[in-house]
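Here is how the chains run, residue by residue.
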Amino acid sequence: MKAPLFTGACTAIVTPFRDGGLDLETFSRLIELQYAGGVSALVVCGTTGEAATMTPSEQAALYRRAAERSAGRMKIIAGIGSNNTKHAAYMARAAADAGADGVLMVTPYYNKTTQAGLVEHFTYTADRSPLPVILYNVPSRTGVGIAPETYAILADHPNINGVKEASGDIGAFARTMSLCGDRMHFWSGNDSDTVAMMALGARGVISVASNLVPDVVSRLCQLCEAGNYDAASTLNRRYMELFGMMFREVNPIPVKTAMGLLGRCSPDMRLPLVPMSGANRADLAECLVRYGLIL
């Protein structure tokens, strides 16, 4: 059986910008906040990190800074997703050179592909990656999802460690678990699905909300890992409004806005992302007050 790259809470960390460029000093502070909050791992340059608007050299700089600051305290998982298979393999090597522990690879978007193409795309990169690969299934963004039967094929690859599953289809996930058994690890890709998915065998969550409340998301995973689903469900219900608010507008607009409201980093984003609309921003601010994040 493959050992999971991490268990528990992993934060899909935001990328701070200043004057259009990377703000690495603030990024370092955010990493420390995540460690203090008890998370097990960080995804750097994922969707929440706005990787789609970065150059390869910017991505490599973020991989390197995260690995240096973590210094082995948390696993660093580098987002390398691309609809260009060879570019994904290139970024996997860059992530290894920068000191990352694993890579996250989304399904190819826009040009998309068939299920057979997904097998070839992921296999090509996993064959060439010096690091373990976590697949990322988010069909609402990419337009193509990974079928349970496709997971069953990919589970046999020795370098494919697991999946960030963000389809939101719990029934399909249950079927996937029955087909893959212990040959593949899974993590929830949606904060609101964490308890349900961990009850079915997921190993934790790759979270957006943990940018704001890493201690809460870490605790939620710990309760599930301990089999205390009554307490986990109570905690999950308590924070469901905050989890949902992170998707009031397209991610990462709400979480980046929230980070700005909390004074943790600039809310600046790169186009095509734009500031949160006035009414939604007011609702977000009120939500943060209700949760005691803004006094």
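Just above, that's the structure.
Side-chain alternation along strand β10 (residues 204-207) places Gly204 and Ile206 on one buried face and Val205 and Ser207 on a second face that is also buried. Here strand β1 (residues 8-12) pairs with β10 via four bridges, running parallel. Considered in β10, the bridge of alanine 9 is made with valine 205.

All right, on to the pairing of strand β5 (residues 75-79) then. Most of β5 is tucked away: four of the five residues are buried. Here strand β4 (residues 41-44) runs beside β5; their pairing, made up of four bridges, is parallel. The residue bridging leucine 42 from the neighbouring strand is isoleucine 76, located in β5. For the crossover that starts at β4, traverses helix α2 (residues 56-70) and ends in the parallel β5, the hand is right-handed. Direction of pairing for β5 relative to strand β6 (residues 102-106): parallel, over a ladder of three bridges. When the sheet's bridge partners are listed, alanine 78 is paired in β6 with valine 103. In this view, the connection linking β5 to its parallel neighbour β6 by way of helix α3 (residues 85-98) has right-handed handedness.

This next bit is on the environment of cysteine 287. Summarising the element assignment, cysteine 287 is placed in helix α12 (residues 278-290). Put simply, cysteine 287 and glutamate 241 are 46 residues apart on the chain and 7.8 Å apart in space, counted from C-alpha to C-alpha. Not counting residues within four places of it along the chain, the set of residues in contact with cysteine 287 comprises Glu241, Leu242 and Met245.

Turning our eyes to something else, we now look at the side chain of lysine 2. In this structure, lysine 2 sits in the segment before β1. Here lysine 2 sits buried without a salt bridge, and the closest side chain of opposite charge, aspartate 156, lies 6.9 Å off (N-O distance). A polar atom in the side chain of lysine 2 sits 2.7 Å from the backbone oxygen of histidine 157.

For the rest of this paragraph, the subject is the nonpolar core. In terms of nonpolar packing, the biggest core is built from 83 residues, with Val44, Tyr63, Met184, Leu212, Leu242 and Met246 touching the most fellow members. Contact partners of valine 44, with chain neighbours within four places excluded, come to Ile13, Phe27, Leu62, Tyr63, Ala66, Ile76, Ile77, Ala78 and Gly79. In terms of nonpolar packing, the next biggest core, distinct from the first, is built from 15 residues, Ala41, Val43, Ile77 and Val106 among them.

Let's shift gears to the packing of helix α10 (residues 229-245) against α12. One way to put it is that α10 packs onto α12 with a least axis distance of 10 Å and a crossing angle of 155°. With respect to each other, α10 and α12 are oriented roughly antiparallel. Regarding α10 and α12, the two cross each other, and that crossing is left-handed. Between α10 and α12, the contacting residues are Glu241, Leu242 and Met245 on the first element and Asp283, Leu284, Cys287, Leu288 and Arg290 on the second. Among the residues forming the contact of α10 with α12, the class breakdown is five nonpolar, no polar and three charged.

Below, the discussion takes up unusual backbone geometry. Of note, the amide linkage connecting asparagine 251 to proline 252 takes the cis form, showing an omega dihedral of 10°. Counting through the fold element by element, proline 252 comes out in the loop between α10 and α11 (253-261). Look at the link from leucine 271 to proline 272: it is a cis peptide, with omega at 20°. With respect to the element layout, proline 272 can be found in the loop between α11 and α12. Within the chain, glutamate 50 stands out as a residue other than glycine whose phi angle is a positive 60°. Note on placement: glutamate 50 falls in the loop between β4 and α2.

Right, let's talk about the pattern of salt bridges for a bit. For the structure shown, the criterion picks out nine salt bridges. Residue aspartate 23 pairs with arginine 18 through a salt bridge whose shortest N-O separation is 3.2 Å. On the basis of relative accessibility, which here comes to 10%, the residue aspartate 23 falls in the buried class. Close ionic contact of arginine 290 with glutamate 241 constitutes a salt bridge, the shortest N to O distance being 2.4 Å. Of the two residues, arginine 290 sits in helix α12 while glutamate 241 sits in helix α10, which places them 49 residues apart along the sequence. What you see here is one network of salt bridges that share partners, running through Glu32, Arg69 and Arg73.

Here helix α1 (residues 24-36) spans 19 Å end to end across 13 residues, near enough to the 18 Å set by a 1.5 Å rise per residue. Within the span of α1, buried status applies to Thr26, Phe27, Ser28, Leu30, Ile31 and Gln34.

Turning our eyes to something else, we now look at the packing of aromatic side chains. Within this structure, the stated rule accounts for four aromatic pairs. Aromatic pair phenylalanine 6 and tryptophan 187: ring centres 4.7 Å apart, planes at 15°, arrangement stacked. Note that phenylalanine 6 is positioned in the segment before β1 and tryptophan 187 in strand β9 (residues 185-188), a separation of 181 residues in sequence. The burial state of phenylalanine 6 is the same as that of tryptophan 187; both residues are buried. Counting every residue linked through ring pairs, the aromatic cluster contains Tyr151, Phe173 and Phe186. Sitting above the plane of the tyrosine 35 ring, arginine 73 keeps its charged end 4.4 Å from the centroid. Here the guanidinium or amino end of lysine 164 rests over the ring plane of tyrosine 136, the centre of that ring lying 4.2 Å away.

Reading guide: rules and limits
Residues numbered from 1 in each chain as written. Predicted model: local features only at pLDDT ≥ 70, side-chain atom pairs only at ≥ 80, totals over all residues. Heavy atoms only, no water. Buried < 20%, exposed > 50% of the residue type's maximum accessible area, 1.4 Å probe, protein only. Helix = DSSP H or I, 4+ residues; strand = E, 2+ residues; numbered from the N terminus. Pairing = 2+ DSSP bridges. Right-handed = clockwise from strand over helix to strand, strands pointing away. Contact = heavy atoms within 4.5 Å. Lys, Arg positive; Asp, Glu negative; His and termini not counted. Salt bridge = Lys/Arg side-chain N within 4 Å of Asp/Glu carboxyl O. Polar contact = N/O pair within 3.5 Å; in protein donor to acceptor, adjacent residues only side chain to side chain. Core = buried A, V, L, I, M, F, W, Y, C linked by side-chain atoms within 4.5 Å. Axes fitted to C-alpha atoms, helices over the stretch in contact; angles between N-to-C directions. Parallel < 35°, antiparallel > 145°, perpendicular 65-115°, else oblique. Left-handed = near helix turned anticlockwise from the far one by under 90°. Nonpolar A, V, L, I, M, F, W, Y, C, P; charged D, E, K, R; others polar. Expected span 1.5 Å × (residues − 1). Phe/Tyr/Trp six-rings, centres within 6.5 Å; stacked < 30°, edge-to-face > 60°. Lys NZ or Arg CZ within 6 Å of the ring centre and 35° of its normal.

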